[in-house]
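Architecture and fold: a report
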Amino acid sequence: MKHMHHPKHHGTRFSIILIVVGLVFLAVNTGLLPTIYQPLFASWPIWLVFGGIYFLLDCSWFMGLSLLTVGTFYIIPQIGHANPALNIPENFAHLYWPALLVVAGIYFILSKTFGKHCWMGGNFHQRFEKFNTTTMNSEDGFLNVNASFDSRKNIVIDPIFKGGNIDCSFGEVVLDLRKTTLQEGKTILNINCKFGTVIILVPSDWNVQLQGDSAFGAFDDSRYSPTYNSNSSSSLLIQGKCSFGEVKLRD
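Thresholds applied
- Residues numbered from 1 in each chain as written.
- Predicted model: local features only at pLDDT ≥ 70, side-chain atom pairs only at ≥ 80, totals over all residues.
- Heavy atoms only, no water.
- Helix = DSSP H or I, 4+ residues; strand = E, 2+ residues; numbered from the N terminus.
- Buried < 20%, exposed > 50% of the residue type's maximum accessible area, 1.4 Å probe, protein only.
- Contact = heavy atoms within 4.5 Å.
- Areas by Shrake-Rupley, 256 points an atom, 1.4 Å probe, with all protein chains shown as cover.
- pLDDT = per-residue confidence, 0-100.
- Salt bridge = Lys/Arg side-chain N within 4 Å of Asp/Glu carboxyl O.
- Expected span 1.5 Å × (residues − 1).
- Core = buried A, V, L, I, M, F, W, Y, C linked by side-chain atoms within 4.5 Å.
- Disulfide = S-S within 2.5 Å.
- Axes fitted to C-alpha atoms, helices over the stretch in contact; angles between N-to-C directions.
- Parallel < 35°, antiparallel > 145°, perpendicular 65-115°, else oblique.
- Left-handed = near helix turned anticlockwise from the far one by under 90°.

All right, on to the overall build of the protein chain then. For the protein chain, the count of helices and strands is six helices and 14 strands. Counting every position in the protein chain, which comprises 251 residues, the buried fraction comes to 45%. Expressed as a percentage of contacts within the protein chain between residues at least 6 apart in sequence, the contacts between residues at least 24 apart total 68%. As displayed, the protein chain has an accessible area near 12900 Å², and 61% of this comes from carbon and sulfur atoms.

Given below as structure tokens:
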């Protein structure tokens, strides 16, 4: 199995985020920002905002805007607590949480209306080619991928793919299964995706099932011509959970 790790510009994006974070906290510590707002930069929503900036720098618009939206939503009541003159309700999150559903719906409509090429950050094949190549052997056809604030491309070249686990948070994973085959019976691929994107490439004649649970996310069969091969006794079951992200099946 070949593992394609982070692209060349991954280090540049990470460096920019470090600069932004450093400048923000430098302004906090030196008093350039009003003292009443300093606690905001020690709260967890600010890291969602930084994560959103990270993905926007990678032109991953859906992921970047989602993180910025959620982070900003939970920062607003903290701003109201720091500055009561703004008259932001104490129960802001309780009152306005349905707005997140509205925004999520708008994002998905935009993704369908303008197409994946623009919304998901450019041509898929161009993004697919951005990854550098290193080689690592798998264990008897079983895959384990853990990507956190990282981008990984994994090409399975084992004769038989026997399943595995993908854990993706604040990152992107591309799994290419077009150079391998399935074992007899059902092969299970477990996915846990949070604020990330998982793309799975499969041969056009495979029998594949998607059975994932999503919250502010989606399990999407984006194959051009999904088919069912009645002559095959093998199948791939993709299951798991996806929140604020997307798991896509492609051929």
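The predicted model of the protein chain has a mean per-residue pLDDT of 77, with 80% of residues at 70 or higher. Taking the mean pLDDT of every element in the protein chain, the minimum, 32, falls on strand E2 (residues 134-135) and the maximum, 92, on strand E9 (residues 185-194). When the criterion is pLDDT under 50, residues 3-10 qualifies, and its contacts beyond four places in sequence or with other chains add up to 35 contacts. When the criterion is pLDDT under 50, residues 116-137 qualifies, and its contacts beyond four places in sequence or with other chains add up to 65 contacts.

If the charged atoms of two oppositely charged side chains come close together, the side chains can form a pair. Evaluated as defined, the whole model comprises two salt bridges. One salt bridge in this structure joins aspartate 176 and arginine 178, with 3.0 Å as the shortest N-O distance. For aspartate 176, a relative accessible area of 3% corresponds to the buried category. The class for arginine 178 is partly exposed, based on a relative accessible area of 40%.

This part covers the environment of glycine 196. Residue position: glycine 196 is located in the loop between E9 and strand E10 (197-201). Those residues in contact with glycine 196, other than ones at most four positions away along the chain, are Met63, Cys168, Phe170, Gly171, Phe244, Gly245 and Glu246.

The first and last C-alpha atoms of helix H3 (residues 61-82) sit 30 Å apart over 22 residues, in line with the 32 Å expected at 1.5 Å per residue. Every buried residue belonging to H3 is among Phe62, Met63, Gly64, Ser66, Leu67, Thr69, Val70, Gly71, Phe73, Ile75, Pro77 and Gly80, and all of these are buried.

Moving on to the nonpolar core. Membership of the largest hydrophobic core comes to 25 residues, with the highest contact counts inside it found for Leu177, Leu189, Ile191, Val198, Ile200 and Leu236. The set of elements that each furnish at least two residues to this core consists of strand E3 (143-148), strand E6 (164-169), strand E7 (172-176), E9, E10, strand E13 (234-243) and strand E14 (246-250). Counting 21 residues, the second largest nonpolar core, distinct from the first, contains Leu40, Phe55, Phe62 and Phe244.

Another aspect to go through is the environment of tyrosine 96. Residue position: tyrosine 96 is located in helix H4 (residues 92-96). When the C-alpha positions of tyrosine 96 and phenylalanine 73 are compared, they lie 8.9 Å apart, and in sequence the two are 23 residues distant.

Tallied over the entire structure, the rule returns zero disulfides. The closest cysteine sulfur to the non-disulfide-bonded cysteine 168 is located on cysteine 193, 4.7 Å from its own sulfur. Unpaired in terms of disulfides, cysteine 242 finds its nearest cysteine sulfur in cysteine 193, a separation of 4.1 Å. Its relative accessible area of 2% is what places cysteine 242 among the buried residues.

This part is about unusual backbone geometry. Its identity as a non-glycine residue notwithstanding, asparagine 87 has a phi of 60°, on the positive side. On the secondary structure map, asparagine 87 appears in the loop between H3 and H4. Judged by relative accessible area, which is 66%, asparagine 87 ranks as exposed.

At a minimum axis separation of 7 Å, helix H2 (residues 45-57) and H3 run at an interaxial angle of 155°. Viewed along their axes, H2 and H3 adopt a mutual orientation that is roughly antiparallel. Note on packing geometry: the crossing formed by H2 with H3 is left-handed. Along the contact surface, H2 presents Pro45, Ile46, Leu48, Val49, Gly51, Gly52, Ile53, Phe55 and Leu56, while H3 presents Trp61, Met63, Gly64, Leu65, Leu67, Leu68, Val70, Gly71, Thr72, Tyr74, Ile75 and Gln78.

As a further point, take the environment of isoleucine 17. Mapped onto the fold, isoleucine 17 is located in helix H1 (residues 10-30). With a relative accessible area of 11%, isoleucine 17 lands in the buried category. For the pair isoleucine 17 and isoleucine 53, spaced 36 residues apart in the sequence, the C-alpha separation amounts to 7.6 Å. When sequence neighbours within four positions are dropped, the list of residues in contact with isoleucine 17 reads Phe50, Ile53, Tyr54 and Leu57.

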